[in-house]
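# Examination of the molecular architecture
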Amino acid sequence: MSHAVTDLCDAHADKIQVAEPMFADFGGEMAFSGPIRTLKCFEDNSFVRSELEQPGEGRVLVVDGGGSMRCALLGGNLAKLAEDNNWAGVVVYGCVRDVEEIEACAVGVKALAAHPLKSRKQNIGELGLSVRFGGVEFREGDYLYADADGMITAPAALDME
C-alpha cells in the first residue's frame, strides 16, 4: 500500500466510509489494500476456504460472519492459502484462530478476536452481496484500505491528489 489510511482519509473525506475501530490485526502484513470480494456466512467457513483457493489477484476477502464470537472462520491453513493465492487480505466480522500461524503469513488479516474452536462445514454461504458491519457497507468491487490506524472503503481506487 502506497499511502497511509490517515492520509487517504484527509485527501478523500467525501468519498470514503470509515470502519468503526473494532478490529484487531492478526496477519503478517499490517497495511493492505485491494478490491473487495464479499462473503456472508455464519459459523461455517466452507465458502471462506473455497474462495481463498481461487486466485486472489490482490483482492481483499470481506467475510460477514455475523459478529459471531462462538467459533473461528479463518485459521492458519486458510491464511496460508490466502498468501499462496495472492490475496491482499481478509477481513472477518467474527473470529480467527491459529494466531501465530496467521502472523507468519504475508497477508493482512483483521478480525474481532481469536477463538480456538473451528467452525462447522455445511457449505453454507453467499458470495457477492453487499454486507454491512462496523458502520460500513462493504460492496463487491469497492476498494478497501487498512493499516494500523484503521480501515476505510471507497467506490474506486484512491490516489493522493
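Here goes a summary of the coordinates provided.

Definitions and limits used
- Each residue is numbered by its place in its chain's sequence as written, counting from 1.
- For this predicted model, a pLDDT threshold of at least 70 governs which residues receive local features, and a threshold of 80 or more governs which side-chain atom pairs are given and counted, while totals over whole chains, interfaces and linings are taken from all residues.
- As a convention, hydrogens and water are excluded, and side-chain values are obtained from all of the structure's heavy atoms.
- Here a strand is any run of E in DSSP of at least two residues, a helix any run of H or I of at least four, and the numbering for each starts at the N terminus.
- We take the radius of gyration over the C-alpha atoms and set the globule estimate at 2.2 Å times the residue count to the 0.38 power.
- Contact criterion: two residues are considered in contact whenever any of their non-hydrogen atoms come within 4.5 Å of each other.
- His is not counted here, nor are the chain ends, while Lys and Arg score as positive and Asp and Glu score as negative.
- Note on charges: their place is set at NZ of Lys, CZ of Arg, CG of Asp or CD of Glu.
- Two aromatic rings from Phe, Tyr or Trp, using only the six-membered ring of Trp, form a pair when their centres are within 6.5 Å; if the ring planes differ by under 30 degrees the pair is stacked, by over 60 it is edge-to-face, and anything between is tilted.
- With a 1.4 Å probe rolled over the protein chains alone, any residue whose accessible area is under 20% of its type maximum counts as buried; one over 50% counts as exposed, and the rest are partly exposed.
- What makes a nonpolar core is a set of buried Ala, Val, Leu, Ile, Met, Phe, Trp, Tyr and Cys residues whose side-chain atoms join them at distances within 4.5 Å.

### Quick word on the overall build of the protein chain
Broken down by element type, the protein chain carries four helices and 12 strands. Compactness check: the protein chain gives a C-alpha radius of gyration of 14 Å against a globular reference of 15 Å for 161 residues, within 12% of the reference. By principal-axis analysis of the C-alpha atoms, the protein chain measures approximately 45 × 30 × 30 Å. Taking the contacts inside the protein chain whose residues are at least 6 apart along the sequence as the reference set, 75% of them involve residues at least 24 apart. Between the centroid of the 14 positive side chains of the protein chain and the centroid of its 26 negative side chains there is a distance of 9 Å.

### Focus on the packing of aromatic side chains
Evaluation of the coordinates by the stated rule reveals three aromatic pairs. Here Tyr93 and Phe133 contribute two aromatic rings whose centre-to-centre distance is 4.6 Å and whose plane-to-plane angle is 0 degrees, an arrangement assigned as stacked. Here Tyr93 is found in strand S6 (residues 89–96), whereas its partner Phe133 is found in strand S9 (residues 131–133), with 40 residues between them in sequence. We note that Tyr93, like Phe133, is buried. Look at Phe133 and Phe138: their rings are 4.5 Å apart centre to centre, the planes differ by 25 degrees, and that puts the pair in the stacked class. Aromatic rings pair up to connect Phe23, Tyr93, Phe133 and Phe138 into one cluster.

### Examining the nonpolar core
Counting 23 residues, the largest nonpolar core has Val48, Leu52, Val63 and Leu74 as the members making the most contacts within it. Going through the elements one at a time, helix H2 (46–52), strand S4 (60–64), strand S5 (72–74), helix H3 (76–84), S6 and strand S7 (108–114) are the ones with two or more residues in this core. For this core, the leading source of residues is H3, giving four residues. Discounting chain neighbours no more than four positions away, the residues touching Val48 are Leu39, Cys41, Leu61, Val63, Leu73, Leu74 and Leu78. Of all hydrophobic cores here, the second largest spans 17 residues; its members include Val60, Phe133, Val136 and Met151.

### Notes on unusual backbone geometry
Phi is positive for Asn86, which is not a glycine, with a value near 65 degrees. In this structure Asn86 comes out as partly exposed when scored by relative accessible area, which is 48%. Residue Asp98 is not a glycine yet carries a positive backbone phi of 60 degrees. With respect to the helices, strands and loops of the structure, Asp98 is situated in the loop between S6 and helix H4 (99–103). For Asp98, a relative accessible area of 32% gives the class partly exposed.

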